[in-house]
Amino acid sequence: MNFRTKRLCSGGSEATQCTSVIYSLSRKHCSFEKQQDSYIVRDLQSRNGVFVNGIPVHERALNHGDRIEIGTSTFLFLLNEESFPEFPLVDNSLQAGSTLTLRIEDSVYLGDTPSSATKSAKVLARISKTLIGATDAVAFCEKLFDLLKEFIAYERASIIESNGEGILASRFTKKEYVQKFSQSLSEKVIREKVALLASNFALPESLSGTEIQAVICVPFSWLDQVLCLLYMDTTDPLGFKEDHLQIASAIAALTSPVLQHLRETEDLRRQNQQLNE
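What counts and what doesn't
Residues numbered from 1 in each chain as written. Predicted model: local features only at pLDDT ≥ 70, side-chain atom pairs only at ≥ 80, totals over all residues. Heavy atoms only, no water. 1 Å grid on protein atoms, 1.4 Å probe; cavity = no way out; pocket = protein on both sides within 12 Å on 5 of 7 lines; lining within 4 Å. Points joined across faces, edges and corners; volume = space filled by probe spheres on them. Helix = DSSP H or I, 4+ residues; strand = E, 2+ residues; numbered from the N terminus. Nonpolar A, V, L, I, M, F, W, Y, C, P; charged D, E, K, R; others polar. Expected span 1.5 Å × (residues − 1). Buried < 20%, exposed > 50% of the residue type's maximum accessible area, 1.4 Å probe, protein only. Polar contact = N/O pair within 3.5 Å; in protein donor to acceptor, adjacent residues only side chain to side chain. Salt bridge = Lys/Arg side-chain N within 4 Å of Asp/Glu carboxyl O. Core = buried A, V, L, I, M, F, W, Y, C linked by side-chain atoms within 4.5 Å. Contact = heavy atoms within 4.5 Å. Disulfide = S-S within 2.5 Å. Axes fitted to C-alpha atoms, helices over the stretch in contact; angles between N-to-C directions. Parallel < 35°, antiparallel > 145°, perpendicular 65-115°, else oblique. Phe/Tyr/Trp six-rings, centres within 6.5 Å; stacked < 30°, edge-to-face > 60°.

### Things to note about the layout of surface pockets
- In this structure, the largest pocket spans a volume of roughly 520 Å³.
- Forming the boundary of the largest pocket are 25 residues, of which Arg60, Ala61, Leu62, Asn63 and Glu142 lie nearest the centre.
- Among the elements of the structure, strand E3 (38–43), strand E5 (55–57), strand E6 (59–61), helix H2 (137–151), strand E12 (167–172) and helix H4 (242–275) are those that each provide at least two residues to the lining of the largest pocket.
- Element by element, the count of residues in the lining of the largest pocket is highest for E12, at 4 residues.
- Considering only residue class, the lining of the largest pocket consists of 10 nonpolar, 5 polar and 10 charged.

Written out as structure tokens, the structure is:
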């Protein structure tokens, strides 16, 4: 489907601009609408819902590479075909000038030493108030990105699946670029269950063109299993500091149970919808 008009409706009715042979598709299922520089998908009160990257949505701005599930079909949203995101994790060797790893439980924001207690208490209270009240995974990610921006000058922040098969959510603070992620960094974080800061890259070919110079990768873990990864990067080789790694680790440690609960709830909701088809 190409956006040739400002609004495109998809469904099984002949009145819609896009009709397809898709099982479980309502007569007027959803709409795609261009609003200035954004593209919005909106569920038109369909019976089986609309899912973006596996998450049920009512209305959501689309990012390049998002996967939209309508009925039994999946559509890939592309801003341009030249940057087709075949796989979000790109294999490459770790070629960073400096790296720093941190066990999640060692974050100073989770400790009770006198030097960090006051600062930690204020930050953790803010985290709890902001994130724990999220009602779904999409809201969780949006609140997380807002919170992180107050502490860390990232240019892109993403939540990616630990199996490398999808991007839960992303946000760019400057220009958008092709979403490439370091597989070697991600695998190290998953394997060792540590947070990692890498900077001063001698860029491998797989990351060329992105100008990435610093990466923070932190696991969201629950019951010793990595649920997904918080992956932030910047083109500034000095943009990330150790304290940024410390606070990102604390945020992930505190909110992993919340994210797990939200995802389990959404999985149950999705299964119930499928049973009612």
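### Brief notes about H2
- Compared with an ideal rise of 1.5 Å per residue, which puts 15 residues at 21 Å, H2 spans 21 Å between its outermost C-alpha atoms and is within 8% of the ideal.
- Among the residues of H2, Ala137, Val138, Ala139, Phe140, Cys141, Leu144, Phe145, Leu147 and Leu148 are the ones counted as buried.
- Regarding H2, its N-cap is Asp136, as a side-chain oxygen of that residue lies 3.1 Å from the backbone nitrogen of Val138 further along.

### Remarks on the pattern of salt bridges
- Within this structure, the stated rule accounts for 11 salt bridges.
- Ionic pairing is found between Arg42 and Glu33, a salt bridge with its closest N-O pair at 3.0 Å.
- With its nearest N and O atoms 2.7 Å apart, the salt bridge here joins Glu142 to Arg171. Pair noted here: Glu142 is in helix H2 and Arg171 is in strand E12, with a separation of 29 residues, a long-range link.
- Using a relative accessible area of 32% as the deciding quantity, one classes Glu142 as partly exposed.
- Residue Arg171 is classed as partly exposed on the basis of its relative accessible area, which comes to 21%.
- Sharing partners across several salt bridges, the network here consists of Glu33, Arg42 and Glu59.

### Topic: the nonpolar core
- Phe140, Leu144, Ile159, Val218, Phe220, Leu230 and Met232 are the most contacted members of the largest nonpolar core, which has 55 residues in total.
- With residues up to four places along the chain from it excluded, the contact list for Met232 reads Leu148, Ile152, Tyr154, Arg156, Ala157, Ala214, Val215, Ile216, Phe240 and Ala248.
- Judged by nonpolar contacts, the second largest core, of 13 residues, contains Ile167, Val215, Val226 and Tyr231.

### Some points on the state of the cysteines
- According to the stated counting rule, one finds 0 disulfides in the structure shown.
- Looking at the unpaired Cys141, the closest cysteine sulfur is the one in Cys228, lying at 7.4 Å.
- For Cys228, a relative accessible area of 0% puts it in the buried group.

### Re the packing of H2 against H4
- Relative orientation of the contacting elements H2 and H4 amounts to 170°, with a least axis distance of 10 Å. Between H2 and H4, the angle is such that the two are roughly antiparallel. Facing H2, whose interface residues are Ala137, Phe140, Leu144, Leu147, Leu148 and Phe151, H4 presents His244, Ile247, Ile251, Thr255, Val258, Leu259, Leu262 and Glu266.
- Taken together, the residues of the contact of H2 with H4 sort by class into 11 nonpolar, 2 polar and 1 charged.

### A short note on the packing of aromatic side chains
- Applying the stated rule across the entire model yields 3 aromatic pairs.
- Note on Phe140 and Phe220: the rings are 6.2 Å apart at their centroids and 70° apart in plane angle, and the pair reads as edge-to-face. Taken together, the residues Phe140 in helix H2 and Phe220 in strand E15 (residues 214–222) connect sequence positions 80 residues apart.
- When its relative accessible area of 0% is taken as the criterion, Phe220 is described as buried.

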